[in-house]
Amino acid sequence: MNVKETGMSTRALWAGEKEYLAFGATQVPVVHSVSFGYDDMDEWYQVAIGKKEGHIYGRNTNPTVRAFEEKIRILENAEASTSFSTGMAAISNTLGTLLQPGERVVSIKDTYGGTNKIFTEFLPKQHIEVVLCETGNHDEMEKEIEKGCSVVYLETPTNPTVKITDIKRITRAAKRAGAITVVDNTFATPVNQQPLSLGADLVIHSATKFLGGHADALGGAVCGAKHLVEDIYHYREINGATLDPMAAYLLLRGMKTLSLRIDRQNENALAVASFLKTIDLVEDVYYPGLASHPGHDIAKKQMSGFGGMLSFSVKGGVETVRHLLPNLAFANRAANLGSVETVVGPSRTTSHVECTPEERAAMGIPEGLVRYSAGIEDIDDLINDLKHAFYMLPNHIKSTN
Ligand SMILES: *Cc1c(COP(=O)(O)O)cnc(C)c1O
């Protein structure tokens, strides 16, 4: 039976590993070797020119790293894949490969903070025109794409207000314009959303988040059509943002439980979002799994689960957040997300720390917004922890809000 015909849990465990096992070990080894030696000069040459499978130098390829690339490739149902030292390296190397001076890229205002910096700070310096549309305004996006562009860059759900873009609709417009569509699938993971099957050309991951799932290794990946991935790989092998074999091993190990974790995180996030809706001090709850979320209908169409990420705003803004978050016993107050432990943080400190309060307001990010990455804890404990955290707020906050 082919692993490509299996369910996500089986696939997350078995995909991509067999070829890289050694000495009868059942687990992929961490190959800490900068280079790979050859006694046969002809064989060495054949590998070096890519005519024969094998490894030459660690900046290019490594067996542990290859196993990681294979696993994510099979999970995303892609023809090819390559890897990077971080998610941002995956994004910058992909855009660096696909965009030339004078060209145009269409994206959304709500991309990940680092991605937004590439769009607003670095690409314009290379004379690349960047158009950032209102996230969720599909008409505006279609109009901008129609004017001509070489890349359409999407992220859905977004950070931190989990806005949704219709991947099928936008990739259709991109195809008409002859543009390549790239989707950052970090928040959804292949368990909840398969952008390639919805028409995207390339899928990007910050493997640092849900793929690894344990907040102990940085990494990135790009999956998609072979000719595109080969070009991006070439850019990366020369520019040098290589994934470290130890990180590849940690990510591989984390990915074995991806499907289990995501199922639980989907459930926990929905339960937490529904609970927060009942709290007086909570102003708004943002979660695509709630019928009240503006992207709910599209999310229902293109996602098989709504993900582990949500956010909520509290009455009293920063002052309430300052008192609320330290009260949580089972949450790390940190900038990462997608880990087995619940992680919380104010958006003004984490995802949008580079913006001014005015810029955040313009992006629809209230100062009292909290990003909540649901872990795999027992749901009753997460709810009770939140209940207790609100209960423990000082009276001046409870009475004035
Ligand atoms: C974290 C993140 C990135 C960047 O990944 P790093 O591994 O931190 O470089 C990109 N996109 C999204 C959606 C992210 O959450």
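Below is a summary of the structure that appears in this document. As the structure is a prediction and not an experimental result, all values here were calculated from the model.

Here we have seven strands laid out as an open sheet, ordered β1-β7-β6-β5-β4-β2-β3, and mixed in their pairing. Two strands lie at the open edges of the sheet, namely β1 (80-84) and β3 (129-133), each paired on one side alone. Across this sheet, the average inter-strand angle for adjacent strands is 20°, counted without regard to direction. As paired strands, β1 and strand β7 (residues 220-224) are joined by five bridges and run antiparallel to one another. Looking at the pairing, phenylalanine 84 lines up with glycine 220 of β7. Together, β2 (104-108), β3 and β4 (151-155) form the strand contacts of helix α5 (residues 113-122), whose direction differs from that of β3 by roughly 130°. Against the sheet, helix α6 (residues 138-146) touches β2, β3 and β4, its axis set at about 175° to β2.

Here α6 crosses helix α7 (residues 167-177) at 15°, and the two axes come no closer than 9 Å. Between α6 and α7, the angle is such that the two are roughly parallel. Along this stretch, α6 crosses α7, giving a crossing that reads as right-handed. Along its contact with α6, which presents His138, Asp139, Met141, Glu142 and Ile145, the element α7 presents Arg169, Ile170, Ala173, Ala174 and Ala177. Residue composition of the contact of α6 with α7, by class: six nonpolar, one polar and three charged.

About the cut-offs
Residues numbered from 1 in each chain as written. Predicted model: local features only at pLDDT ≥ 70, side-chain atom pairs only at ≥ 80, totals over all residues. Heavy atoms only, no water. Pairing = 2+ DSSP bridges. Helix = DSSP H or I, 4+ residues; strand = E, 2+ residues; numbered from the N terminus. Axes fitted to C-alpha atoms, helices over the stretch in contact; angles between N-to-C directions. Contact = heavy atoms within 4.5 Å. Parallel < 35°, antiparallel > 145°, perpendicular 65-115°, else oblique. Left-handed = near helix turned anticlockwise from the far one by under 90°. Nonpolar A, V, L, I, M, F, W, Y, C, P; charged D, E, K, R; others polar.

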